Amino acid sequence: MLMINLTEGQPPEPSAVPIGARSSPIQLDSLSRDILALKQEIKAVILAHNYQVPEIQDVADYVGDSLGLSRQAARTDASVIVFCGVHFMAETAKILNPDKLVLLPELEAGCSLEESCPAERLAAFQAAHPNSYTIAYINCSAEVKALSDVICTSGNAVKIVKAAPPDANLLFVPDENLGAWVMEQTGRHMTLWQGCCYVHVEFAHAALSRLRRQHPGAPVVAHPECTKAVRLLADEVCSTEKMIDYCRQSPARTIIIATEPGIIHRLKKTCPDKQFIPAPTDHCHCSECRFMKMNTLEKLYDCMRRLAPRIKLSEDVMMRARRPIERSVEISARP
Ligand code: 13P
Ligand code: SF4
């Protein structure tokens, strides 16, 4: 029997959360079976982002995009949340569940967007532009969230910007590509922070055009973190979760996917009769997010056994960051 030291709350019964990935039977290896047994023992829920390695997706209770993961984190009644994603996502789960243990298999799993917007620089910008209404993409630190008026994800960004006060000077941080796409969709002008996802800006217009010519009937689905040149080639621009819906509903048999290729595991499970082609990058094979891929099945097992690494945040930051996140969840629930 495992000895558990739950210093941040006692575990009640395990939560019943939807299983996003399991639409076909899965053959689990022994490590995966150990993880599932340990999950029962520590009464945990495993949340995984769509870019996680297939083995992790297959043991998760819920697999989804940032918006879906935040919703799951907000509604779970498990005392231990094992977050298989990157640091800012696990922080969001902790902010929404200050009394729960939130574990991240690899604490170093960061994000280039988060790095591009240090809280001190944002605070300095806000001091120089005191009337700014700050909309922060969820890919940022808890400290940046605490400085923001509202948080958005790629799944609800258009709705959040449409709901912003009509006369406000909007500042959008930290992704200039997502921000530019939202401006196109809403017609609202925003000042854009100069940050980008180092993965999505590698998808190349020329190589994608060539691929389209090779597969004339295949629609292109792109994440809004891609550059405008790539978005212009896309039939659909959307969050990773909406990509799953789009591909499920599309009559096309072959679909080109311009986002991190980890999602293709879930796409193949959801639509086994369709072919998914990862969009190309010009100079490198760098469409895999090195941060997302830092989590492994071994690290997942180890972190559940040791109940570490844990996400730790100050009460003050959590309190200030919770408001803009809850505002986001509330706005995106509106009809
Ligand atoms: P989604 O919320 O669309 O899954 O995007 C998260 C992300 O990090 C994209 O790079
Ligand atoms: Fe961050 Fe880009 Fe990785 Fe998403 S894919 S976690 S935006 S670095």
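Preceding this section is the structure that the text describes.
Quick caveat: nothing in here was measured; it's all calculated off a predicted structure. (Residues numbered from 1 in each chain as written. Chains lettered and ligands numbered in written order. Predicted model: local features only at pLDDT ≥ 70, side-chain atom pairs only at ≥ 80, totals over all residues. Heavy atoms only, no water.)

(A) Structural view of the sheet that holds strand S6 (residues 150-152). Within the open sheet, the four strands sit side by side as S6-S5-S7-S8. Their pairing is parallel. The open sheet has two edge strands with one neighbour each: S6 and strand S8 (190-192). Taken pair by pair, the neighbouring strands of this sheet meet at an average axis angle of 30°, ignoring direction. Relative to S8, helix H9 (residues 176-186) is tilted by about 160°, and along the sheet it contacts strand S5 (132-137), strand S7 (169-173) and S8. Set on the sheet, helix H15 (residues 315-333) makes contact with S5 and S6; between it and S6 the angle comes to about 60°. (Pairing = 2+ DSSP bridges. Helix = DSSP H or I, 4+ residues; strand = E, 2+ residues; numbered from the N terminus. Axes fitted to C-alpha atoms, helices over the stretch in contact; angles between N-to-C directions. Contact = heavy atoms within 4.5 Å.)

(B) Geometry of the sheet that holds strand S9 (residues 220-222). Taken together, four strands build an open sheet; the order of strands is S10-S9-S11-S12 and the sheet is parallel. Each edge of the sheet is formed by a strand with only one pairing partner; in this case those strands are strand S10 (236-237) and strand S12 (275-278). In terms of strand pairing, strand S11 (residues 254-258) meets S12 through four bridges, oriented parallel. Looking across to S12, one finds that Ile256 is bridged to Ile277. Contacts from helix H10 (residues 205-214) reach S9, S11 and S12, with the element oriented near 175° to S11.

(C) Looking closely at the site of ligand 2. Around ligand 2 sit Tyr51, Cys111, Ser112, Leu113, Asn139, Cys197, Tyr198, Glu225, Cys289, Phe291 and Met292, and those are all the residues in its vicinity. Put simply, ligand 2 lies in the largest cavity. The residue inventory of the shell around ligand 2, partitioned by class, reads eight nonpolar, two polar and one charged. (Near = heavy atom within 4 Å. 1 Å grid on protein atoms, 1.4 Å probe; cavity = no way out; pocket = protein on both sides within 12 Å on 5 of 7 lines; lining within 4 Å. Sits in = over half its atoms within 2 Å of the grid points. Nonpolar A, V, L, I, M, F, W, Y, C, P; charged D, E, K, R; others polar.)

(D) Spatial organisation of the site of ligand 1. Every residue close to ligand 1 is listed here: His49, Tyr51, Asp65, Ser66, Tyr137, Asn139, Ser154, His200, His223, Glu225, Ser239 and Thr240. One of the side-chain nitrogen or oxygen atoms of His49 is found 2.7 Å away from an oxygen atom of ligand 1. Between ligand 1 and Glu225, the relevant distance is 2.8 Å, taken from an oxygen atom to a side-chain nitrogen or oxygen of the residue. For ligand 1, whose accessible area on its own is 300 Å², the fraction buried by protein is 95%. Among the detected pockets, ligand 1 sits in the largest cavity. (Polar contact = N/O pair within 3.5 Å; in protein donor to acceptor, adjacent residues only side chain to side chain. Areas by Shrake-Rupley, 256 points an atom, 1.4 Å probe, with all protein chains shown as cover.)

(E) Main features of the side chain of Lys94. Of note, Lys94 is situated in helix H4 (residues 87-96). Residue classification places Lys94 among the buried positions, given a relative accessible area of 3%. Among the polar contacts listed, one links the side chain of Lys94 to the backbone oxygen of Pro98, at a separation of 3.2 Å. (Buried < 20%, exposed > 50% of the residue type's maximum accessible area, 1.4 Å probe, protein only.)

(F) Up close: unusual backbone geometry. Between Val173 and the following residue, Pro174, the backbone shows a cis peptide bond with an omega angle of -15°. Here Pro174 lies in the loop between S7 and H9. For the bond from Ala308 to Pro309, the omega torsion is 0°, close enough to zero to count as cis. In this fold, Pro309 is placed in the loop between helix H14 (297-306) and H15. Not every positive phi belongs to a glycine, and Lys43 is a case in point at roughly 55°. Its identity as a non-glycine residue notwithstanding, Leu307 has a phi of 55°, on the positive side.

(G) Spatial organisation of the pattern of salt bridges. Under the criterion given, the structure shown has 14 salt bridges. Its salt-bridge partner being Lys299, residue Glu106 comes within 2.9 Å of it at the nearest N-O pair. Of this pair, Glu106 sits in the loop between strand S4 (101-103) and helix H5 (112-115) while Lys299 sits in helix H14, and the two are 193 residues apart along the sequence. Look at Glu106 and you get buried, because its relative accessible area is 16%. The partner of Asp245 in a salt bridge is Arg248, with the nearest N and O atoms 3.0 Å apart. One end of the pair is Asp245 and the other is Arg248, both in helix H12 (residues 240-249) and three residues apart, which spans about a single turn. The exposure class assigned to Asp245 is partly exposed, which follows from its relative accessible area of 32%. Take Arg248: its relative accessible area is 46%, and that puts it in the partly exposed class. What you see here is one network of salt bridges that share partners, running through Glu184, Lys228 and Arg231. (Salt bridge = Lys/Arg side-chain N within 4 Å of Asp/Glu carboxyl O.)

(H) Looking closely at empty space enclosed by the protein. As enumerated under the stated definition, the model contains three cavities of 30 Å³ or more in all. Its boundaries defined by the atoms lining it, the largest cavity holds a volume of some 220 Å³. Taken together, 24 residues line the largest cavity, and the ones lying closest to its centre are Tyr51, Met89, Asn139, Glu225 and Met292. In terms of residue class, the lining of the largest cavity is made up of 12 nonpolar, nine polar and three charged. Estimates place the volume of the second largest cavity at around 50 Å³. Put simply, the parts of the chain that give the lining of the second largest cavity at least two residues each are helix H3 (66-75) and H15. Top contributing element to the lining of the second largest cavity by residue count: H15, with three residues. The residue inventory of the lining of the second largest cavity, partitioned by class, reads five nonpolar, four polar and no charged. (Points joined across faces, edges and corners; volume = space filled by probe spheres on them.)

That's the geometry; what it means functionally is another story.
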